[in-house]
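The residues making up each chain are set out below.
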Amino acid sequence: MIVAKPLPPYSLWVATLTAGIFCLPSYAAENETPKANATFLDQLIINASPVSQTNQQSDSAITSLSYDQLATENATSVSDIFRYTPSVSVSGGAQGDGLITIRGISGNRVLIAVDGVKQAKNLSWSSLNSSRNLIDINALKQVEVISGPASASFGSDALGGLVYYTTKDPSDFLDNPSNTANQSTAGQYRVIYNGANKGLSNSISLAGRNDSLEGMLIYTYEDASEKQTPVDDSAQGSARRSTDPKDTQNESVLAKLKYQLDEHQAVKISAEHLSSDDDTQVLSSNSQDEQFLDIERRQRLSAEYTNDKATRFYDELTVTVDWQKTTNDQTQKFYNASAPYFGDYVYDADYDETTRDLKLSLQKDLDFSTTAHQVSYGLSYEQTLFEQQRTSSLSGTNRSMPRAESKLAGIWAQDLIEWYDSGLRVTPGIRYDAYTVDAQPDAAYLASNPIELDPGTNTDQKISLKLGVNYPITDAVTVFGQFAQGFKTPDMDQLFANYGRTGAYQFIANSNLKPESSNSLEFGFRYNHAGISGEVVAFYNDYKNFIDETIDYSNPSYPYGIYQQTNLKGAVIKGVEFKTQWDLGMTQQALRGLSLNASLAYATGTYDESGESQPIDSVSPLSGVLGLHYDHPNQQWGSSVIVTAAKGKSANDVSDSATFRPAGYGVIDLAGYYQWTPWLRMDAGVYNLSDKTYWQWDTARDHTQSTSGLERFAESGRHLRLGLTYNF
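Residues numbered from 1 in each chain as written. Predicted model: local features only at pLDDT ≥ 70, side-chain atom pairs only at ≥ 80, totals over all residues. Heavy atoms only, no water.

## Concerning the overall build of the protein chain
- Broken down by element type, the protein chain carries 8 helices and 38 strands.
- Against the globule reference of 27 Å for 728 residues, the protein chain gives a C-alpha radius of gyration of 26 Å, in line with a compact fold.
- The principal-axis extents of the C-alpha atoms in the protein chain amount to approximately 80 × 65 × 55 Å.
- By the burial criterion, 53% of the 728 residues in the protein chain qualify as buried.
- For the protein chain, the accessible surface area stands at approximately 31500 Å², while carbon and sulfur atoms represent 55% of it.
- On the protein chain, the mean spot of the 56 positive side-chain charges and the mean spot of the 87 negative ones are 1 Å from each other. (Helix = DSSP H or I, 4+ residues; strand = E, 2+ residues; numbered from the N terminus. Rg over C-alpha atoms; globule rule 2.2 N^0.38 Å. Buried < 20%, exposed > 50% of the residue type's maximum accessible area, 1.4 Å probe, protein only. Areas by Shrake-Rupley, 256 points an atom, 1.4 Å probe, with all protein chains shown as cover. Lys, Arg positive; Asp, Glu negative; His and termini not counted. Charge placed at Lys NZ, Arg CZ, Asp CG, Glu CD.)

Set out below in structure tokens:
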């Protein structure tokens, strides 16, 4: 039986504030002209393409999510961002956000960037599992996803796709008339209560402009606990079905200054600091008094110079310089009551990644008698230092792999060619990358008794190609497609993990690994007419040189195996995706304000193992979203009912019959908004209305059917999200 828990003090505060706001005079705009309903095909691609274009004009499937969409859903986590995007999933469940998967490819094979800066890699080693999700949703302007290889534009790591987070600029506040009548200053205060983790997020944004100078500051603080599942269980040990108690504090600061040097030139400086502190009481452990601390930090400094004064070589020029440092410090504490190692134990694992990069991009428009060309080209240089170490109260401090430094240089070009008479758009693109990953043994590494004192250097080069086509058959129907390539350099642990214990196990470095690569074919249709828009796309992705771990049990000195990373697998993932949006009021006046949207994603994948075809477990089963929305003609209020569903995995779709295969599910969400005044708005929703216990496949596949306490890995139960936004 689920017992209702008393509301925490801040929940009472939110409830009181909400009740008070309902007493305010409402904002009515009966005489306003109703807003035109833009479709997902009309959304502008900001950074996922070298040139500015809409989704309708794109030659590949790109998902664009605006901040307004995320605010309506009161999103506070990465899993919230992609809740209604079937082709993208996030592992972790109630345990917290894990890895992002796009079309069956996950982890470091998906490039994640914030304002063009690559986010730190995930390192899963011993007790360490570093995160790639340290972002502030309140600071975002747009999220864009390329569902497929994109190395011709973005270089290494865009093997399986791209997630690009674009943060807000001062102009997003200052040039928005709904924020303030005085365009020299603007601001926003937003508070969100999330019942899934009893979290309260407060965010304030300030922006100002004075002649040629404008600036912005966004500060967010969130205090939360563990996510709640539908099962309330006070048991301790591995059979525990509720999530472990957790305290979380997240803090974010984003500051930007932009100075207009003259009519054509501008300089922008950005500074970002994010921190996340988790303190978990691990009641699900069989050890006594286990505690897990996870401290993450990310700092970024960026400088950007733009010049739009046309020359022979460019119409627009952009130079960016970035510095970013990401640190992960995870500590595990427990009491061991088993002989012969009685006592308190502490394991501390650290992973630091520091990146410096320089990028130059140029764009030139050229007009000829029958065609127009948007030529984009540029170069980039990136230098990253990786550092890992582990401290144990039993064995002291050691490095399982040496410090390593990577250097990656790239040059690229792309030409979007449009024929005037037919509207045909063809985009060829090419990029050349050369890289070196160099081991840098230090005293701490050499003192850890490595097998190889210097594991060496990994160096290689890669050419990535792209050819895209977009052709409007009629005013309503467009056909599109592309061939694209991707690649990913080997990770630090794949190259240089290098240690062992006689009588137990051994890890051997392999500095001769080749980069992973992919070839992708994508073809689709789009329809956009009379309030109905839709897109259907089929894809075929062929991956080569997948890096995987081999285990050799033949040496009796290492009964638990000798491990080494090698280029083993080729893999193929193929599938179909569909999405549509229908403004019902365009076909029937009585249905004005109603709209329907639906999306589906289906994929299947196999890899070759010793000459036999095996299913790829990271490929999600058939999933979809169906939503019915109502917006009042004056945009004062609206509501939505959204159903998210997924099919269960069959035994033939997993590589190991012992894998936990939960049943399919259907989850209902209810959400709505109310605009009291032009400056004050409330967004609210009840999520997982039926309080269903269900699992996302990306989380379930990490467990077996015999795993105890599977319910604690389920998704959140029924919960309320409430957000209030005040613009000033």
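Back to the write-up after that little detour.
## Focus: the environment of G468
- With respect to the element layout, G468 can be found in strand β25 (residues 457-472).
- Separated by 255 residues in sequence, G468 and G723 have C-alpha atoms that sit 41 Å apart.

## A look at unusual backbone geometry
- Although it is not a glycine, N74 sits at a positive phi angle of roughly 50°.
- Here N74 falls in the buried class, since its relative accessible area comes to 0%.
- Phi is positive for D157, which is not a glycine, with a value near 85°.
- Relative to the assigned elements, D157 resides in the loop between α4 (151-154) and β12 (161-167).

## Digging into the pairing of strand β20 (residues 343-367)
- Two strands pair when backbone bridges link them, and strand β19 (residues 316-336) and β20 are joined in this way by 21 bridges, in the antiparallel orientation. Within β20, the position partnered with K333 by the bridge is V346.
- Judged from the 21 bridges that link them, β20 and strand β21 (residues 371-392) form a sheet pairing that is antiparallel. Paired with D348 across the strands is T391, a residue of β21.
- Joining the antiparallel neighbours β20 and β21 is a turn of 3 residues. (Pairing = 2+ DSSP bridges.)

## Re the environment of A663
- For A663, the location among the structural elements is in the loop between β35 (637-646) and β36 (665-675).
- The class for A663 is exposed, based on a relative accessible area of 63%.

## Observations concerning the sheet that holds strand β6 (residues 105-106)
- Taken in spatial order, the 3 strands make up an open sheet running β4-β5-β6, and their pairing is antiparallel. Of all strands in the sheet, those bounded by a partner on one side alone are β4 (88-90) and β6.
- Judged from the 2 bridges that link them, strand β5 (residues 100-102) and β6 form a sheet pairing that is antiparallel. The partner of I102 across the bridge, within β6, is I105.

## Topic: the pairing of strand β28 (residues 505-508)
- As paired strands, strand β27 (residues 499-501) and β28 are joined by 3 bridges and run antiparallel to one another. Within β28, the residue paired with R501 across the bridge is Y505.
- Relative to strand β31 (residues 562-583), β28 is paired through 3 bridges, and the arrangement is parallel. Within β31, the position partnered with I508 by the bridge is Q564.

## Description of the sheet that holds strand β3 (residues 62-66)
- Pairing within the open sheet is mixed, and its 5 strands lie in the order β3-β11-β12-β7-β8. Two strands close off the open sheet at either side, each with one partner strand: β3 and β8 (117-118).
- Pairing between strand β7 (residues 110-114) and β8: 2 bridges, direction antiparallel. Its bridge partner being in β8, A113 is matched across the sheet by K118.

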